[in-house]
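Residue-level structural notes
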There are 4 protein chains.
Amino acid sequence: MEPIPVAILGATGAVGQRFVQLLDHHPWFKVTTLCASDRSVGKTYVEGCRWLLDSPMPEWARDMILQPTVLEAVNEPIVFSALPAEVAQDLEPALAEKGCVVCSNASAHRMDEDIPLLLPEVNAEHVELIHQQRQRRGWRGAIVTNPNCTSTGMTIVLKALDQVFGVKRAIAVSLQALSGAGYPGVASLDIVDNVIPFIRGEEEKVSLEPRKMLGTLKNGHIEYHPLTISAQTNRVAVLDGHMVCLNVECETRPSPEEAIQVLEAFALPDWLANLPSSPRPPIMVRRENDRPQPRLDRMIGRGMSTIVGRVRADEVLDLKMVVLSHNTIRGAAGASIYNAELIVQKGLLP
Amino acid sequence: MEPIPVAILGATGAVGQRFVQLLDHHPWFKVTTLCASDRSVGKTYVEGCRWLLDSPMPEWARDMILQPTVLEAVNEPIVFSALPAEVAQDLEPALAEKGCVVCSNASAHRMDEDIPLLLPEVNAEHVELIHQQRQRRGWRGAIVTNPNCTSTGMTIVLKALDQVFGVKRAIAVSLQALSGAGYPGVASLDIVDNVIPFIRGEEEKVSLEPRKMLGTLKNGHIEYHPLTISAQTNRVAVLDGHMVCLNVECETRPSPEEAIQVLEAFALPDWLANLPSSPRPPIMVRRENDRPQPRLDRMIGRGMSTIVGRVRADEVLDLKMVVLSHNTIRGAAGASIYNAELIVQKGLLP
Amino acid sequence: MEPIPVAILGATGAVGQRFVQLLDHHPWFKVTTLCASDRSVGKTYVEGCRWLLDSPMPEWARDMILQPTVLEAVNEPIVFSALPAEVAQDLEPALAEKGCVVCSNASAHRMDEDIPLLLPEVNAEHVELIHQQRQRRGWRGAIVTNPNCTSTGMTIVLKALDQVFGVKRAIAVSLQALSGAGYPGVASLDIVDNVIPFIRGEEEKVSLEPRKMLGTLKNGHIEYHPLTISAQTNRVAVLDGHMVCLNVECETRPSPEEAIQVLEAFALPDWLANLPSSPRPPIMVRRENDRPQPRLDRMIGRGMSTIVGRVRADEVLDLKMVVLSHNTIRGAAGASIYNAELIVQKGLLP
Amino acid sequence: MEPIPVAILGATGAVGQRFVQLLDHHPWFKVTTLCASDRSVGKTYVEGCRWLLDSPMPEWARDMILQPTVLEAVNEPIVFSALPAEVAQDLEPALAEKGCVVCSNASAHRMDEDIPLLLPEVNAEHVELIHQQRQRRGWRGAIVTNPNCTSTGMTIVLKALDQVFGVKRAIAVSLQALSGAGYPGVASLDIVDNVIPFIRGEEEKVSLEPRKMLGTLKNGHIEYHPLTISAQTNRVAVLDGHMVCLNVECETRPSPEEAIQVLEAFALPDWLANLPSSPRPPIMVRRENDRPQPRLDRMIGRGMSTIVGRVRADEVLDLKMVVLSHNTIRGAAGASIYNAELIVQKGLLP
């Protein structure tokens, strides 16, 4: 198979770097355009990017010239977007109109009615909204988005529980990694010997995005799941890996052991499980009493798995547990790439 | 007034050091005995103690000779105990029998029926259980305990809410400081770039201790508060200051603004408010959206105040908020000292 | 004595906040003007300042209105400057001309021939350069500067050694705190689980500034000390307190014990030792094998003392040792205040 | 080729875990015995080992039964030792006598006259001392040791410089990672917001071990290199990767550019360069002004390369630079494995 050319928007940022790293040696995709903000345009990637990852920058990326973040610079069938929401707002639809399939990590269009907020483990069928986009908006391409990095892991867990027990209410308290704020992001003086109990806009996303993802596609329209979610989001001194303490109430009041069985049995259909970025396993349940831990567990399944631990009875709701997900892999760049693979597999490229 | 001689048990540990620090220049108490474990006995305090606090060791303590942790070594009317539970189990009652009032931070006797688990802001009247102790057990002295450092701040908040709104259920997720584990405690390899979602025995304490403290003393007996508490406890890379994310359900479903008013109006009767270690204010409500933060707020009220922030409506229960309390001051050594002051004030020394 | 009004330039930054904190209850000075950058002008201090210190913002400062950083805004006889070098460049001389004595933490004028780079422990007599300034430049006021925060502690140690043994060469390797970079300063993603072996411009300052301070004032001119200094500066994950590993070669090849005696005997003349901000002691020598440590020792002498430890024979030069100094107190705001006290004491206010 | 069976002593500790990780899929070696201390004997590896690495424990290791650390338990031709020095003292010679080639990370026998302290990049020819051991001591097997993790990187750099410029004196100031102290090792309360300027026994090793490695093998005897080294060792809050600030004096006073050329040209003979664990490259010179950094650079060459940066003129000696080496890979487990490969290649197995 001929590799499919892809572009990366916002290529020099924290998520953009993850795109570059994860697309190195990708079996289907080949990066042909890197776009960056004005002050880096015209530089090589190695000059314009403060590389923050602990594996070396891929050789092929080092000398690529950074392009401007404009419609004309991008002609690839697939575009990965790590743009700030305000830049994504207009550019992503313009690219979709032009014929690109934009797999976006930006929040700008996540809640648009005809744009899927897609996690293959949860709602692969929502990708069909692409047909609505094309019909209504006259686009040749499309936009698909992935959720906020804190919603990702917990929504996968809620999905597994919901399809057996029916989830009604959840309380989520997060302990989020520094990379979620991008670079330079959180000042070191704010986080050494400290915790910040606030992340702007995050609790609203965590309360709402899972309801769209867990929703039902009917007649080209998504009915949100009626689940109620309360969120409290905190920043802690961890480099990568968002942890969520989750309390869940279900229709059928499962025991912890029943929940563990359901989580461990959670599997993907073959066509999804065989995609290159598919998590193996989708959910891993740890039985030790002190896991998951971000530093030790975030790279399970090459950063794509969702790790659950401490599943136990909750005195107030039904179940409590701890969920861990790699925020810049499963929660950002890896999510967009996995979505792109799903689209290719479904034959939805224009 | 002649200073009252006091002894400190477990004087070289993390909490023991706080006792020494907080009793420096105390207006009522004078430390006359420091007890330590066998390997330090006979050394001076400066030799036997790896001092971990960032203010210098008080001059008077440096050359005090460490005594064995035995009944014979202690003859003071007030004894502060920072003993491990298994040592406290037998020694504290023996001291009480001998005539000492033991103000203990150990967990060994917290749940004993006739032993008060005392927070002056919450249940000063429970100190009357001392009469039960003396009557039933024939003690001349007494034991009073203070709660687990994670329960402390949240119980004070729950008390303020309960007396106006009636609290029914609460979910507490903690982000706890390293000093709560003592020294050497948490290994650095376990906590740099990491979070540990488990603290042995802690969730059980956080679920139960507040119910005793919020309980009602009737006929010399405490009826536990019927409140249900669910706890998830986490260790984070913070030196001092336990933070708790709290969701609360109340009988009367207060609005956040009503809750803030009640928390800010929470005041102590004069006789309590004027004790040397009394928190000023007992509760401080922060209105900024990113407070409280451990490093910035733990020393409010010289480490004795309870700091509350982000009080807002909860989608699942009624209210959510963030509570901060200094774990080795308000949550440990300062708590025992404040309890001792209350006992002196009440004339309950033998 | 009537308090002397003082202004603070750059009042909202990391060093500006230390000025506000250290001038709270100062026996001689009263802050009457706070200047800040354009985006904060007109706000109150509590609104315009992201307060980063762990003691509360002083009450008197909270409601002061932030003034623009312009000549007209400042009329105090003493001005404390925490300005960036490029702003200080022109404004500080203009203020000196207008009649203000500017005690500056900025680097802009440190190396000017007629401007003292002043550490009272080291070169109090250099303050006489003020007369040169007034004569040559026609200023009514003056500028005095304090050195870079890394040079401070090591220069005090080198002074003590130099006056007895004659220092010839030194190698300094620093482990510097985050607050030295201001706020937001170092990104957390750059320093968690990491060290940065480079601080822009720092090594040049550390090599040169001590030579001016240790120099001799002759005929209104400073002859630099011929000492050679090699510096390597590193940033580490410490909030406050710069540590320097120092190797020193002396004319008379002292033994470590001789050096310790000289360091411990280092004393200030009474008129300096009695100034409000004078370090007590000026130098503290720790004999433990693992001290000084930033977190435990930076606040000795209220952050104004220089702490030395591990004084021992050096296999290559003569002596090696570890020096610690609080970078935003002794190395910045406290330094400027101490200099101002010296000027008042000397009767050098206009 | 049939895989060679190997045993690991001290398999559950921090270095022992690295042995297990690095030997996973090793092309020549197969782990057949894991030994541990008494309290773990009889458990499976997964039960007896608190795994601290961020890649999963290899499947083959999980169910291996931990053996006692005794002579009888070990029958492999190659034994990797991560024992404490006091246990290694007697057991390693007994194993060598029995016929095992012990590749040891322990310090017990490093300085023994007939035991090579071996870094293939530096002194591969010292492996010939094995013949002395066999002759003098009647051993069928042998002991070869690798140096202290702080000496490793700097000795490789000194070797490259020495063979062209002749090194005379060096001053080394280290910033060492937490994993160098093993587990539990450094208490978190000692290192959060702190630096510890002391590591027991380390400075002595850093001063002496490089002189043996850089020494000359003549007539079955090693003449130590006359180089003088002064060391100051510090512990910082970094998980892995020891950084050393190095000042060097050479016979021929090279310029920094000459030094960089020599470091970059440093190459190994083919037979060494082709060993499975050989560093590729042996030395990497970074030209950026802020590298190497532990988190970003420690895994270069799969943790086996030595990274050098900031090579510049030194005002006191001739050159200064920063050296980084992964302390538990190149500085410990990887070093022993690389030594074992050299021994196999040389045909020195019994």
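Anything mentioned here points back to the structure above.
This write-up is about the structure you can find in this document. Per chain, residue numbering runs from 1 following the sequence as it is written. Following the order in which they are written, the chains are lettered starting with A and the ligands numbered starting with 1. Predicted model: local features are reported for residues with pLDDT of at least 70 only, side-chain atom pairs are reported and counted for 80 or more only, and whole-chain, interface and lining totals are derived from all residues. In computing side-chain values, all of the structure's heavy atoms are included and hydrogens and water are not.

As a further point, take the overall build of chain A. Looking only at helices and strands, chain A features 13 helices and 14 strands. Expressed along its principal axes, the backbone C-alpha trace of chain A runs to roughly 60 × 50 × 35 Å. Partly exposed describes any residue whose relative accessible area lies between the buried limit of under 20% and the exposed limit of over 50%, with all areas from a 1.4 Å probe on protein chains only and scaled to the type maximum. Within chain A, the fraction of its 350 residues that count as buried is 67%. Restricting the contact set of chain A to residue pairs at least 6 apart, pairs at least 24 apart contribute 75%. Residue-level accessible areas treat just the shown protein chains as cover; the underlying method is Shrake-Rupley with a 1.4 Å probe. Approximately 11,600 Å² of chain A is accessible, and the part contributed by carbon and sulfur atoms is 49%. In this tally, Asp and Glu contribute negative charge and Lys and Arg positive charge; neither His nor the terminal groups of the chain are included. By convention, the point assigned to a charge is CZ for Arg, NZ for Lys, CD for Glu and CG for Asp. The averaged location of the 41 negative side-chain charges in chain A is 1 Å from the averaged location of its 34 positive side-chain charges. What counts as a helix is a DSSP run of H or I of at least four residues, what counts as a strand is a run of E of at least two, and both are numbered from the N terminus. Note on definitions: a residue-residue contact is assigned when non-hydrogen atoms from the two residues lie within 4.5 Å.

Next up on the list: the interface of chain B and chain A. Across the contact, 47 residues belong to chain B and 47 residues belong to chain A. Accessible surface is computed with a 1.4 Å probe, and the buried area is the amount of it that two parts give up when combined, taken over both parts together. By the criterion of area lost to chain A, the three top residues of chain B are Asp 193, Pro 197 and Val 316 of chain B, representing 18% of everything that side buries. The term salt bridge refers to a pairing of a side-chain nitrogen on Lys or Arg with a carboxyl oxygen on Asp or Glu at a separation within 4 Å. The interface formed by chain B and chain A contains six salt bridges. Taking the shortest distance from any N to any O, the salt bridge between Arg 312 of chain A and Glu 203 of chain B comes out at 3.1 Å. For the purposes of these results, a polar contact is taken to be a pair of N or O atoms within 3.5 Å, where, inside protein, one atom must be able to donate a hydrogen and its partner to accept one; residues adjacent in sequence count only when each atom of the pair is a side-chain atom. Between the two partners, chain B and chain A, sit 30 residue pairs in polar contact (both at pLDDT 80 or more). Listed by contribution, the elements that provide at least two residues to the side of chain B that touches chain A are strand 7 (167-176), helix 8 (188-191), helix 9 (202-213), strand 10 (228-235), strand 11 (242-250), helix 12 (294-297), strand 13 (306-313) and strand 14 (319-325) of chain B.

Next up on the list: the packing of helix 7 (residues 149-165) of chain C against helix 9 (residues 202-213) of chain C. All names here are of chain C. Orientation is described by lines fitted to C-alpha atoms, with helices fitted over the stretch in contact, and by angles between N-to-C directions that extend from 0 to 180 degrees. Running from amino to carboxyl end, helix 7 crosses helix 9 at an angle of 40°, the nearest separation of the two axes being 9 Å. If you check the angle between helix 7 and helix 9, you find them oblique. Crossing hand, helix 7 versus helix 9: right-handed. Together, Thr 150, Ser 151, Met 154 and Thr 155 of helix 7 and Glu 202, Lys 205, Val 206, Glu 209, Pro 210 and Met 213 of helix 9 make up the contact between the two elements. Of the residues in the contact of helix 7 with helix 9, the class split is four nonpolar, three polar and three charged. Roughly parallel means an angle under 35 degrees; roughly antiparallel means over 145; roughly perpendicular covers 65 to 115; every other angle is labelled oblique. Crossing chirality is assigned from the near helix's rotation relative to the far helix, an anticlockwise turn below a right angle marking it left-handed and a clockwise turn marking it right-handed. Three residue categories are used. Nonpolar comprises Ala, Val, Leu, Ile, Met, Phe, Trp, Tyr, Cys and Pro, charged comprises Asp, Glu, Lys and Arg, and polar comprises the others, including Gly.

Right, let's talk about the sheet that holds strand 1 (residues 4-9) of chain D for a bit. All names here are of chain D. Any two strands with at least two DSSP bridges between them are considered paired. As summarised here, the arrangement of the six strands in space is 3-2-1-4-5-6, forming an open sheet in which the pairing is parallel. Either end of the sheet is taken by a strand with one partner, and the two such strands are strand 3 (67-68) and strand 6 (142-145). Relative to strand 5 (residues 101-104), strand 4 (residues 78-81) runs parallel, the two being bridged by four bridges. Looking at strand 5, one finds that Val 79 is bridged to Val 102. Sheet strands in contact with helix 6 (residues 129-137) are strand 5 and strand 6, and its direction is about 145° off that of strand 6.

Once that is clear, we can look at the relation of the copies chain B and chain A. The copies are overlaid by a least-squares fit using only the C-alpha atoms of residues whose pLDDT is at least 70 in both copies. Note on the copies: chain B fits chain A at an RMSD of 0.0 Å, the axial shift is 0.0 Å, and the rotation between them is 180°. Such values leave the two copies arranged in the relation of a two-fold axis. Taken together, the interface assignments show that 100% of the residues at the interface of chain B recur at the interface of chain A, consistent with an identical surface on both copies.

On to unusual backbone geometry, then. Tyr 183 of chain A connects to Pro 184 of chain A through a cis peptide bond whose omega is 0°. Considering the arrangement of structural elements, one finds Pro 184 of chain A in the loop between strand 7 (167-176) and helix 8 (188-191). Note the cis peptide between Arg 280 of chain A and Pro 281 of chain A, where omega equals 0°. For Pro 281 of chain A, the location among the structural elements is in the loop between helix 11 (270-273) and strand 12 (283-286). We note that Asn 219 of chain C has phi near 50°; this positive angle belongs to a residue other than glycine. Locating Asn 219 of chain C in the fold gives a position in the loop between strand 8 (216-218) and strand 9 (221-223).

The next thing to look at is the pairing of strand 1 (residues 4-9) of chain B. Residue and element names in this part refer to chain B. Among the six residues of strand 1, five are classified as buried, and the element is accordingly described as predominantly covered. Judged from the six bridges that link them, strand 1 and strand 2 (residues 29-36) form a sheet pairing that is parallel. Across the sheet, residue Ile 4 finds its bridge partner in strand 2, namely Phe 29. Seen with its strands pointing away from the viewer, a crossover is right-handed if its path from the first strand over the helix to the second goes clockwise. Remark: the strand 1/helix 1 (residues 14-23)/strand 2 crossover connection has right-handed handedness. As paired strands, strand 1 and strand 4 (residues 78-81) are joined by four bridges and run parallel to one another.

The subject of this paragraph is the interface of chain C and chain D. Chain C puts 47 residues into the contact, and the matching count from chain D is 47 residues. Across the interface of chain C and chain D, roughly 3,700 Å² is buried in total on both sides, 55% from carbon and sulfur atoms. Across the contact surface, chain C and chain D share six salt bridges. Between Asp 193 of chain C and Arg 298 of chain D there is a salt bridge, with the nearest N and O atoms lying 2.8 Å from each other. In this structure, the connection of chain C to chain D is made through 30 residue pairs in polar contact (both at pLDDT 80 or more). Contributions of two or more residues to the side of chain C that touches chain D are made by strand 7 (167-176), helix 8 (188-191), helix 9, strand 10 (228-235), strand 11 (242-250), helix 12 (294-297), strand 13 (306-313) and strand 14 (319-325) of chain C.

Now for helix 6 (residues 129-137) of chain A. Residues and elements named next belong to chain A. For helix 6, the set of buried residues is Leu 129, Ile 130 and Gln 133. Considered in projection along helix 6, the buried side chains sweep an arc of 110° and stay on one side of the axis. The elements touched by buried residues of helix 6 are strand 6 (142-145), strand 8 (216-218), strand 9 (221-223) and helix 13 (329-345). What the arc measures is the spread of directions leading from the helix axis to the C-beta atoms.

Both the distance between ring centres and the angle between the ring planes are used here to describe each pair of aromatic rings. Pairing of aromatic side chains here covers Phe, Tyr and the six-membered ring of Trp, requires ring centres within 6.5 Å, and sorts the geometry by plane angle: under 30 degrees stacked, over 60 edge-to-face, intermediate tilted. Evaluated as defined, the whole model comprises 16 aromatic pairs over all chains. Ring centres of Tyr 45 of chain D and Trp 51 of chain D lie 6.3 Å apart, and the angle between their planes is 75°; on these two criteria the pair is classed as edge-to-face. A network of ring pairs unites the aromatic residues Phe 19, Trp 28, Phe 29 and Phe 80 of chain A as a single cluster. The ring of Trp 271 of chain A carries Lys 346 of chain A above its face, with NZ or CZ at 4.8 Å from the centroid. Comment: the charge-over-ring label is applied if NZ (Lys) or CZ (Arg) is within 6 Å of the ring centre and within 35 degrees of the ring normal.

Here the second copy of the chain follows from the first by a rotation about an axis and a shift along it. Taken as rigid bodies, chain C and chain D are interconverted by a rotation of 180° and an axial shift of 0.0 Å, the fit giving an RMSD of 0.0 Å. Counting the interface residues of chain C, we find that 100% of their copies in chain D are interface residues as well, pointing to one common contact surface.

Now for helix 4 (residues 85-98) of chain B. Residues and elements named next belong to chain B. The span one expects for a helix is its residue count, reduced by one, times 1.5 Å. With 14 residues, helix 4 should cover 20 Å at 1.5 Å per step; its first-to-last C-alpha distance of 20 Å lies within 8% of that length. Its maximal kink placed at Leu 91, helix 4 deviates by approximately 30°, while the proline Pro 93 follows within four residues. Those residues of helix 4 that fall on the buried side of the exposure criterion are Ala 88, Leu 91, Glu 92, Pro 93, Leu 95 and Ala 96. Following helix 4 by one or two positions, Gly 99 adopts a phi angle in the positive range, close to 120°. In this scheme, the bend at a residue equals the angle between the axes fitted to the seven residues that finish there and the seven that begin there.

Further remarks concern the pattern of salt bridges. Using the criterion set out here, one finds 84 salt bridges over all chains in the structure. A salt bridge links Asp 290 of chain A to Arg 50 of chain D; the shortest N-O distance between them is 3.6 Å. Of the two residues, Asp 290 of chain A is situated in the loop between strand 12 and helix 12 (294-297) and Arg 50 of chain D in the loop between helix 2 (45-48) and helix 3 (59-62); the pairing between them involves two chains. Classification of Arg 50 of chain D by relative accessible area gives partly exposed; the value is 37%. The salt bridge partner of Glu 121 of chain C is Arg 330 of chain C, with a shortest N-O separation of 2.5 Å. A residue pair is termed long-range when its members are at least 10 positions apart, and Glu 121 of chain C in helix 5 (residues 120-123) and Arg 330 of chain C in helix 13 (residues 329-345) qualify at 209 residues. For Glu 121 of chain C, a relative accessible area of 5% puts it in the buried group. Accessibility expressed as a relative area gives 0% for Arg 330 of chain C, which makes it buried.

With that out of the way, let us pick up empty space enclosed by the protein. Both site types are read off a 1 Å grid over the protein atoms alone. A 1.4 Å probe that fits but cannot get out defines a cavity, while an open set with protein on both sides within 12 Å along at least five of seven lines defines a pocket; lining residues have an atom within 4 Å of a point. Grid points are joined across faces, edges and corners, and a volume is the space filled by probe spheres set on the points. Applying the stated criterion to the full structure yields eight cavities of 30 Å³ or more. Approximately 180 Å³ is the volume found for the largest cavity. Contributing to the lining of the largest cavity are 15 residues, with Val 192 of chain A, Val 192 of chain B, Ala 237 of chain C together with Val 192 and Ala 237 of chain D lying nearest its centre.

Before going further, it helps to examine the side chain of Asp 162 of chain D. All names here are of chain D. The topology assignment puts Asp 162 in helix 7 (residues 149-165). Within the structure, Asp 162 has its side chain in polar contact with the backbone nitrogen of Val 167 (distance 2.8 Å). Leave out the neighbours within four places in its chain, and Asp 162 touches Val 167 and His 225.

All names here are of chain A. Residues enter a patch when their relative accessible area is above 30% and they make no salt bridge; the linking distance is 9 Å between like charges and 5 Å between nonpolar side chains (Val, Leu, Ile, Met, Phe, Trp, Tyr). A cluster of nonpolar side chains, Met 111, Leu 208 and Tyr 224, forms an exposed patch at the surface whose accessible area comes to about 220 Å². By secondary structure assignment, the location of Tyr 224 is in the loop between strand 9 and strand 10 (228-235). By relative accessible area, which is 30% here, Tyr 224 ends up partly exposed.

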